[in-house]
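Take a look at the letters that make up each chain.
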Amino acid sequence: MKVLVAAPLHEKALEVLKNAGFEVLYEEYPDEERLVELVRDVDAIIVRSKPKVTRKVIENAPKLKVIGRAGVGLDNIDLEAAKERGVKVVNSPGASSRSVAELVFGLLFAVARKVAFADRKMREGVWAKKQCMGIELEGKTIGIIGFGRIGYEVAKIANAFGMNVLLYDPKPNEERAREVGGKFVELEELLRESDVVTLHVPLIDATYHLINEERLKLMKKTAILINAARGAVVDTNALVRALQEGWIYGAGLDVFEEEPLPKDHPLTKLDNVVLTPHIGASTEEAQMRAGVQVAEQIVEILKG
Ligand code: NAD
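Cut-off values and rules
- Residues numbered from 1 in each chain as written.
- Predicted model: local features only at pLDDT ≥ 70, side-chain atom pairs only at ≥ 80, totals over all residues.
- Heavy atoms only, no water.
- Phe/Tyr/Trp six-rings, centres within 6.5 Å; stacked < 30°, edge-to-face > 60°.
- Helix = DSSP H or I, 4+ residues; strand = E, 2+ residues; numbered from the N terminus.
- Buried < 20%, exposed > 50% of the residue type's maximum accessible area, 1.4 Å probe, protein only.
- UniProt positions renumbered as here; feature names shortened; annotations may be inferred.
- Near = heavy atom within 4 Å.
- Polar contact = N/O pair within 3.5 Å; in protein donor to acceptor, adjacent residues only side chain to side chain.
- Areas by Shrake-Rupley, 256 points an atom, 1.4 Å probe, with all protein chains shown as cover.
- Nonpolar A, V, L, I, M, F, W, Y, C, P; charged D, E, K, R; others polar.
- Pairing = 2+ DSSP bridges.

Caption draft 1: Molecular detail of the packing of aromatic side chains. Inspection of every chain in the model, using the stated rule, returns four aromatic pairs. Measuring from ring centre to ring centre gives 5.4 Å for Phe109 and Phe161, while their planes differ by 80 degrees; the resulting arrangement is edge-to-face. On the criterion of sequence distance, the pair formed by Phe109 in helix H5 (residues 97-112) and Phe161 in the loop between helix H7 (149-160) and strand S7 (164-168) is long-range, its members being 52 residues apart. Residue Phe109 is classed as partly exposed on the basis of its relative accessible area, which comes to 33%. When the centroid spacing of 5.8 Å and the interplanar angle of 75 degrees are considered together, the rings of Phe147 and Phe184 count as edge-to-face. Of this pair, Phe147 sits in the loop between strand S6 (141-145) and H7 while Phe184 sits in strand S8 (residues 182-184), placing them 37 residues apart in sequence. Exposure remark for Phe147: the relative accessible area of 6% places this residue in the buried category. You can call Phe184 buried: its relative accessible area is 19%.

Caption draft 2: Geometry of the UniProt feature "domain: D-isomer specific 2-hydroxyacid dehydrogenase NAD-binding" (unreviewed entry) in the protein. Look at the UniProt record and you will see "domain: D-isomer specific 2-hydroxyacid dehydrogenase NAD-binding" (unreviewed entry) annotated at residues 105-280. End C-alpha to end C-alpha, residues 105-280 measures 11 Å, and it is 33% helix and 16% strand.

Caption draft 3: Layout of the site of the ligand. Close contacts around the ligand come from 23 residues, with Arg149, Ile150, Asp169, Ala228 and Asp254 the closest. Here His278 contributes a side-chain N or O atom positioned 3.3 Å from an oxygen atom of the ligand. Gly280 has a polar backbone atom sitting 3.3 Å from an oxygen atom of the ligand. The fraction of the free accessible surface of the ligand (880 Å²) that becomes covered by protein chains is 83%. Here the residues of the shell around the ligand sort into twelve nonpolar, seven polar and four charged.

Caption draft 4: Here's a closer look at the pairing of S7. In terms of strand pairing, S6 meets S7 through five bridges, oriented parallel. The residue bridging Gly143 from the neighbouring strand is Leu166, located in S7. Bridge count between S7 and S8: three bridges; the pairing is parallel. Pairing of Val165 across the sheet is with Gly182, part of S8.

Caption draft 5: Spatial organisation of unusual backbone geometry. Here the residue pair Lys50 and Pro51 is connected by a cis peptide bond, since its omega of -15 degrees sits within 30 degrees of zero. For Pro51, the location among the structural elements is in the loop between strand S3 (44-47) and helix H3 (55-59). One non-glycine residue with positive phi stands out, namely Tyr29, at about 45 degrees. Here Tyr29 is to be found in the loop between strand S2 (23-26) and helix H2 (32-38). Take Tyr29: its relative accessible area is 32%, and that puts it in the partly exposed class. Despite not being glycine, Asp264 shows a phi value in the positive range, around 65 degrees. Mapped onto the elements of the fold, Asp264 is located in the loop between strand S11 (250-253) and strand S12 (273-275).

See the structure below:
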């Protein structure tokens, strides 16, 4: 059996494949033409968000039985073509949940205690102690919009910090809510009551610009918004005005409507926002889990 690894994969995942006796072929991010050449005699392909596994690639891989995506989103794989050819597609949805949740708190502390701002000032030689008055998290209310895998991890951490947890999800999991001391409320109530609002919904029609001008105006003037879901869940233009005009206190953003965030974007001019370049899943542990989970599923399918 031959497995083509077409994107960087954690060494533990490569071990899983090799220990199963598979021949592993590695080439980083081949283009479509090269991929078509490479897949002619492989039983499995592993990718990340790149390269694209197109219909042409799938139709030129007569032995292909499974496509593995180390990570979550499957938008770079032609699922229709895979289905037609009976090729299974596997991924690793929960692998990065904890990492994303921990980054949420990294962003939250950076905004609440002005860590990034203070660091910038220090490098300018400015001792900005007076401008760096912050807020504590204990006893504050966090509103988690989307109580799935990541939302649940965020809630566990929030609970440990002594925060009150409000939840909004059209499919409420009451048992998990009890576990984290959380309470389901309507979206408007969550926005009005929360000191921190954090987004953990998928980007679908119903969540496009879910946080718009009207909803930003429902939030407390002292509230912090965190977005580590998808950029387009927030109306960026409305958020920029909210931050400029003080409708909310600040924001921590890992994702953007346009990525990479264009140079000189208005968000980069604001001191009450902390920005990271979509690094929610960028930890050693998340990458290891994502790779190993996909490799194990591939072994099971090819050997099963
Ligand atoms: P999940 O599917 O486990 O949970 C999503 C939750 O959102 C579900 O409980 C669902 O019922 C709920 N939901 C759906 N529509 C909703 C709506 N209109 N309002 C409120 N809740 C709604 O997904 P997850 O693993 O927790 O991931 C959440 C999102 O985080 C992903 O879709 C992805 O976009 C993002 N993500 C970001 C990074 C990063 O690097 N920043 C990494 C992984 C995932």
